[in-house]
2 protein chains.
Amino acid sequence: MSSSNDETSLDKLFSSARVVHRRHFLAVGAGGIVAAAGSAEALAKPAYPVPAGNEEDRKYMAQAIDLMRKAGVTERTGGAFGAIIVRNGEVLSATGNSVLRDNDPSAHAEVNAIRAACKKIGAPNLKGATMYTSCECCPMCYSTAYWARLDRIVFAAAWSDYADLFDDSNINADMKQPYAKRKIKMAQVMQPEAEKVWQEFRKLPDRAKY
Amino acid sequence: MSSSNDETSLDKLFSSARVVHRRHFLAVGAGGIVAAAGSAEALAKPAYPVPAGNEEDRKYMAQAIDLMRKAGVTERTGGAFGAIIVRNGEVLSATGNSVLRDNDPSAHAEVNAIRAACKKIGAPNLKGATMYTSCECCPMCYSTAYWARLDRIVFAAAWSDYADLFDDSNINADMKQPYAKRKIKMAQVMQPEAEKVWQEFRKLPDRAKY
């Protein structure tokens with residue numbers, strides 16, 4: 001569901017409730033919003049249970065939340081998301097979401113932080129590093145962190161804290177569906193021609209690995 | 001599983017088999033490789049069934065496969081992956097994977113193509129566009145396409161065609177696990193402090209939407 005279809009009246013209702021999942025609201029109707037607001041704490045949970053972080057985590061998270069406010073509320077480069085990456089006590093990067101400033105749908109705080117940290121160290125691999133992000137990673141950011149071989153992710157707000165605003169949980173749900181039921185239509189052609197390139201690639205003694 | 005742990009002897013065995021899932025190989029041992037090679041066609045399937053594309057799709061896919069060969073085999077900027085984005089008959093971007101050249105774990109062909117197309121049109125939204133990618137999108141690339149609001153994705157090779165080389169299917173499997181069982185360790189701190197920023201964000205009349 002795209003947030004670009006929001007209607008002003010709906011926005012006003014949402015702004016008066018602490019946390020209301022947009023899809024849930026649309027399902028239960030306006031009458032449900034009071035009950036939903038009352039049970040907001042119950043909704044503000046991550047997608048799966050996670051352990052609590054420690055005091056050092058809180059120190060770095062405070063910086064990530066500063067970047068969150070800067071990106072979304074004061075400097076307005078994009079959504080309210082901030083992230084920093086730390087390895088062996090060194091802050092490798094500190095970034096906010098810049099989707100709107102950069103016209104880049106991939107410019108989430110976490111992806112920006114991973115790209116900046118990799119640029120700083122001159123390698124596409126962040127093994128041993130921890131990412132502190134103001135908000136639960138969306139599927140794009142989590143999988144970028146996986147490719148970057150990050151050891152650990154600490155987050156603050158959960159998807160359910162802003163499900164009325166951004167698509168994180170919708171994308172997660174979509175990706176659990178088979179392709180035929182996905183939001184994006186899918187098709188396949190020319191598998192044998194591409195497989196031929198994989199055969200060429202496999203013969204390279206120093207082929208790309210990451 | 002990181003491909004950086006490959007051993008040379010294992011690589012040689014893999015290079016002689018058309019398609020063998022590395023994890024499967026490790027489970028069944030060297031004796032299984034002959035049988036696996038014999039049933040390669042059965043393995044070379046996408047994660048879920050997809051319909052076949054049409055003649056126009058083949059025209060654009062041929063270009064994506066050229067970029068795949070360039071990125072992985074001839075120019076060697078990264079893995080063998082190429083992508084192009086087309087809207088209303090106009091090619092908006094044409095890119096290869098550049099993870100190694102750019103030291104950027106997010107620089108997959110598809111993410112590069114989405115970034116370049118958005119830069120070209122000056123917006124973070126590609127509604128109405130189709131992405132042709134030489135290989136089935138990894139979870140990072142699929143979710144970037146979702147955020148970019150792409151209408152359609154056409155791919156050629158499937159994850160199982162190169163599961164011995166890259167982690168696409170491993171990441172997909174990892175993301176189906178609860179956080180406690182994920183490859184990346186997860187923790188949460190300071191949810192109330194971040195939620196406070198969401199409250200500030202909700203009050204902005206022209207807050208970011210994408």
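Further up the page is the structure itself.
Residues numbered from 1 in each chain as written. Chains lettered and ligands numbered in written order. Predicted model: local features only at pLDDT ≥ 70, side-chain atom pairs only at ≥ 80, totals over all residues. Heavy atoms only, no water.

(A) Highlighting the side chain of Asn170(A). All names here are of chain A. Here Asn170 is to be found in helix H9 (residues 168–174). Look at Asn170 and you get buried, because its relative accessible area is 7%. Of the polar contacts made by the side chain of Asn170, one reaches the side chain of Asp167; its length is 2.8 Å. (Helix = DSSP H or I, 4+ residues; strand = E, 2+ residues; numbered from the N terminus. Buried < 20%, exposed > 50% of the residue type's maximum accessible area, 1.4 Å probe, protein only. Polar contact = N/O pair within 3.5 Å; in protein donor to acceptor, adjacent residues only side chain to side chain.)

(B) Fine view of the pattern of salt bridges. Within this structure, the stated rule accounts for 23 salt bridges over all chains. Note that Lys120(B) is salt-bridged to Glu90(B), the shortest N-O span being 4.0 Å. Residue Lys120(B) is located in helix H7 (residues 109–121), and its partner Glu90(B) is located in strand E2 (residues 90–96); the two are separated by 30 residues in the primary sequence. Taking the relative accessible area as the measure of exposure, Glu90(B) reaches 41% and is therefore partly exposed. Among the salt bridges present, the one from Glu200(B) reaches Lys196(B), with a minimum N-O distance of 3.4 Å. Separated by four residues within a single helix, Glu200(B) and Lys196(B) lie in helix H10 (residues 191–202), roughly one turn from each other. Given the relative accessible area of 21%, Glu200(B) is considered partly exposed. Members of the salt-bridge network, linked through shared partners, are Asp104(A), Arg115(A), Asp104(B) and Arg115(B). (Salt bridge = Lys/Arg side-chain N within 4 Å of Asp/Glu carboxyl O.)

(C) View of the packing of aromatic side chains. Across all of its chains, the model carries 24 aromatic pairs over all chains by this definition. Summarising the aromatic geometry, the rings of Tyr210(A) and Phe166(B) are spaced 4.9 Å apart at their centres and angled 45 degrees between planes, so their arrangement reads as tilted. With Tyr210(A) in the segment after helix H10 (191–203) and Phe166(B) in the loop between strand E4 (152–157) and helix H9 (168–174), this residue pair bridges two chains. Under the relative-accessibility criterion, Tyr210(A) is labelled buried at 11%. The buried category is assigned to Phe166(B), whose relative accessible area is 3%. An aromatic cluster is defined as three or more aromatic residues linked by ring pairs; in this entry it consists of Phe81(A), Tyr162(A), Phe166(A), Trp147(B), Trp198(B), Phe201(B) and Tyr210(B). Its end group placed over the ring of Tyr142(B), Arg182(A) keeps NZ or CZ at 4.6 Å from the ring centre. (Phe/Tyr/Trp six-rings, centres within 6.5 Å; stacked < 30°, edge-to-face > 60°. Lys NZ or Arg CZ within 6 Å of the ring centre and 35° of its normal.)

(D) Structural view of the nonpolar core. Of all hydrophobic cores here, the largest spans 126 residues; its most connected members are Ile85(A), Leu126(A), Trp198(A), Ile85(B), Leu126(B) and Trp198(B). Leaving out residues up to four positions away in the same chain, Ile85(B) has contacts with Glu90(B), Val91(B), Leu92(B), Ser93(B), Ala113(B), Ile114(B), Ala117(B), Leu126(B), Ala129(B), Thr130(B), Met131(B) and Leu150(B). (Core = buried A, V, L, I, M, F, W, Y, C linked by side-chain atoms within 4.5 Å. Contact = heavy atoms within 4.5 Å.)

(E) Expanded view of the sheet that holds strand E5 (residues 185–188) of chain B. Strands sit in the order E2(A)-E1(A)-E3(A)-E4(A)-E5(B) across an open sheet of five strands; the sheet is mixed. At either margin of the open sheet sits one strand with a lone partner, and together these are strand E2 (90–96) of chain A together with E5 of chain B. Between one strand and the next, the sheet's axes are offset by a mean angle of 15 degrees, whatever the strand orientation. As paired strands, strand E4 (residues 152–157) of chain A and E5(B) are joined by four bridges and run parallel to one another. Considered in E5(B), the bridge of Ile153(A) is made with Met186(B). Sitting on the sheet, H10(B) is in contact with strand E3 (130–135) and E4 of chain A together with E5 of chain B, with an inclination near 55 degrees to E4(A). (Pairing = 2+ DSSP bridges. Axes fitted to C-alpha atoms, helices over the stretch in contact; angles between N-to-C directions.)

(F) The arrangement of the sheet that holds strand E5 (residues 185–188) of chain A in detail. Taken in spatial order, the five strands line up as E5(A)-E4(B)-E3(B)-E1(B)-E2(B) in an open sheet, and their pairing is mixed. Of all strands in the sheet, those with a lone pairing partner are E5 of chain A together with E2 of chain B, marking the two edges. Taken over all neighbouring pairs, the strand axes of this sheet differ in orientation by 15 degrees on average, direction set aside. With four bridges connecting them, strand E1 (residues 82–87) of chain B and strand E3 (residues 130–135) of chain B associate as antiparallel partners. When the bridges of E3(B) are listed, Ala83(B) appears paired with Thr133(B).

(G) Structural view of helix H7 (residues 109–121) of chain A. The end-to-end C-alpha distance of H7(A), which contains 13 residues, comes to 18 Å, matching closely the 18 Å that a straight helix rising 1.5 Å per residue would cover. Residues of H7(A) that are buried: Ala109(A), Glu110(A), Val111(A), Asn112(A), Ala113(A), Ile114(A), Ala117(A) and Cys118(A). For H7(A), the secondary structure elements touched by its buried residues are strand E1 (82–87), E2, E3 and helix H8 (139–147) of chain A together with H7 of chain B. (Expected span 1.5 Å × (residues − 1).)

(H) Expanded view of the relation of the copies chain B and chain A. Superposing chain B onto chain A requires a rotation of 180 degrees together with a translation of 0.0 Å along the rotation axis, leaving an RMSD of 0.0 Å. Look at the turn and shift together and you get a two-fold axis relating the two. Relative to the rotation axis, the C-alpha of Met140(B) is the closest in chain B, positioned 2.2 Å from it. Counting the interface residues of chain B, we find that 100% of their copies in chain A are interface residues as well, pointing to one common contact surface. (Least-squares fit on C-alpha atoms with pLDDT ≥ 70 in both.)

(I) Expanded view of unusual backbone geometry. All names here are of chain A. Backbone geometry places Arg76, a non-glycine residue, at a positive phi of 60 degrees. We classify Arg76 as partly exposed; its relative accessible area is 30%. Despite not being glycine, Asn103 has its phi angle at roughly 45 degrees, a positive value. Checked against the element boundaries, Asn103 lands in the loop between helix H6 (99–102) and H7. Asn103 sits in the partly exposed class, given a relative accessible area of 22%.

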